[in-house]
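Geometric and topological summary
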Amino acid sequence: MDKQQLKSKDITLKSHQTDKKYNRKDIITGTVIGTFIAITPILFYLYESVPADQVWNTFLFTYDSKLWGNANLSMWIFTGKAVPCALLILWFFTNRHWWYHALLVPITMYLYQIISLFISDRGFDEFELIYMVPVMAVIVPSIYLIRAKMFNKINDVDKTMEELEEEFRIRPKGVMNRLKEYF
């Protein structure tokens, strides 16, 4: 082989080695995410291990379900809110589309319901929309403006919708960088 072919082969081998490293990280991340999604039914049914008494004593904490009168019932309500909220948060951090900010609205709603489950003395799920208005006031116009900007670019340039979505995608290097993007 001449020098040119050896150099080309060496570059090809190096690129395959770096691709292998990134693929391994992606495989591990995908495995963790897939496993979490697969065990969500188990997480949901954890409430069945909670006693049907008003006070639930564990070695870590004591939970008194004053409003509900039954710790099992309150944990059933909690898991019914926490599991979808966790899946929405996972979807938010793994979504690469331009509209992923819209997921913040149901995430906020679930978080509000979970918090009110534990600190409220009144009826549950009396969701007051007034607490969601500030979140929606930021998210909905932002999504509309991004969409309008995309349509303006479609009309001005001969790009497909996929190319524009690719242009508007935000690709931070990890969860911490995604969090830093917001705070």
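One can find the structure itself at the top, above this paragraph.
Let us look at the structure shown here.

Reading guide: rules and limits
Residues numbered from 1 in each chain as written. Predicted model: local features only at pLDDT ≥ 70, side-chain atom pairs only at ≥ 80, totals over all residues. Heavy atoms only, no water. Axes fitted to C-alpha atoms, helices over the stretch in contact; angles between N-to-C directions. Helix = DSSP H or I, 4+ residues; strand = E, 2+ residues; numbered from the N terminus. Parallel < 35°, antiparallel > 145°, perpendicular 65-115°, else oblique. Left-handed = near helix turned anticlockwise from the far one by under 90°. Contact = heavy atoms within 4.5 Å. Nonpolar A, V, L, I, M, F, W, Y, C, P; charged D, E, K, R; others polar. Core = buried A, V, L, I, M, F, W, Y, C linked by side-chain atoms within 4.5 Å. Buried < 20%, exposed > 50% of the residue type's maximum accessible area, 1.4 Å probe, protein only. Expected span 1.5 Å × (residues − 1). Polar contact = N/O pair within 3.5 Å; in protein donor to acceptor, adjacent residues only side chain to side chain. Phe/Tyr/Trp six-rings, centres within 6.5 Å; stacked < 30°, edge-to-face > 60°.

So, about the packing of helix α3 (residues 71-94) against helix α4 (residues 104-119). One way to put it is that α3 packs onto α4 with a least axis distance of 9 Å and a crossing angle of 155°. In terms of axis orientation, α3 runs roughly antiparallel to α4. Here the hand of the crossing between α3 and α4 comes out left-handed. Within the contact between the two elements, α3 uses Ser74, Met75, Ile77, Phe78, Gly80, Lys81, Ala82, Pro84, Cys85, Leu88, Ile89 and Phe92 and α4 uses Leu104, Pro106, Ile107, Tyr110, Leu111, Gln113, Ile114, Leu117 and Phe118. The class makeup of the residues in the contact of α3 with α4 is 17 nonpolar, three polar and one charged.

With that settled, the discussion passes to the nonpolar core. Cys85, Leu88, Phe92, Tyr100, Leu103, Ile107, Tyr110 and Ile114 together form the largest nonpolar core, which totals eight residues. Taken together, the elements giving at least two residues each to this core come down to α3 and α4. In this view, Tyr110 contacts Gly80, Lys81, Pro84, Cys85 and Leu88; residues no more than four positions away in its chain are not counted. In this structure, Tyr47, Trp56, Tyr63 and Met75 belong to the second largest nonpolar core, which totals six residues.

Right, let's get into α3. An ideal rise of 1.5 Å per residue puts 34 Å on 24 residues; α3 measures up with 34 Å between its terminal C-alpha atoms. Buried within α3 we find Ala71, Asn72, Ser74, Met75, Ile77, Thr79, Lys81, Val83, Cys85, Leu88, Leu90 and Phe92.

In this section: the environment of Thr40. Following the sequence through the fold, Thr40 ends up in helix α2 (residues 40-44). Residue classification places Thr40 among the buried positions, given a relative accessible area of 10%. Along the chain, Thr40 and Pro84 lie 44 residues apart, while their C-alpha atoms are 9.0 Å from each other. Look past the residues within four positions of Thr40 in its chain and what remains in contact with it is Val83 and Leu87.

What follows concerns α4. Here α4 spans 22 Å end to end across 16 residues, near enough to the 22 Å set by a 1.5 Å rise per residue. Of the residues making up α4, those classed as buried are Val105, Ile107, Tyr110, Tyr112, Gln113, Ile114, Ser116 and Leu117.

Turning to the side chain of Asn72, a few remarks are in order. Mapped onto the elements, Asn72 comes out in helix α3. A polar atom in the side chain of Asn72 sits 3.0 Å from the backbone oxygen of Tyr47. Polar side-chain contacts of Asn72 include one of 2.8 Å to the backbone oxygen of Val50.

With that out of the way, let us pick up the packing of aromatic side chains. Under the definition given, this model contains nine aromatic pairs. Taking 5.0 Å as the distance between ring centres and 85° as the angle between the ring planes, the aromatic pair formed by Phe44 and Tyr45 counts as edge-to-face. The exposure class of Phe44 is partly exposed, given its relative accessible area of 21%. Residue Tyr45 is classed as partly exposed on the basis of its relative accessible area of 46%. Taking the centre distance of 5.8 Å and the plane angle of 70° together, the rings of Phe44 and Tyr47 count as edge-to-face. An aromatic cluster is present here, built from Phe44, Tyr45 and Tyr47 joined pairwise through their rings.

That's the geometry; what it means functionally is another story.
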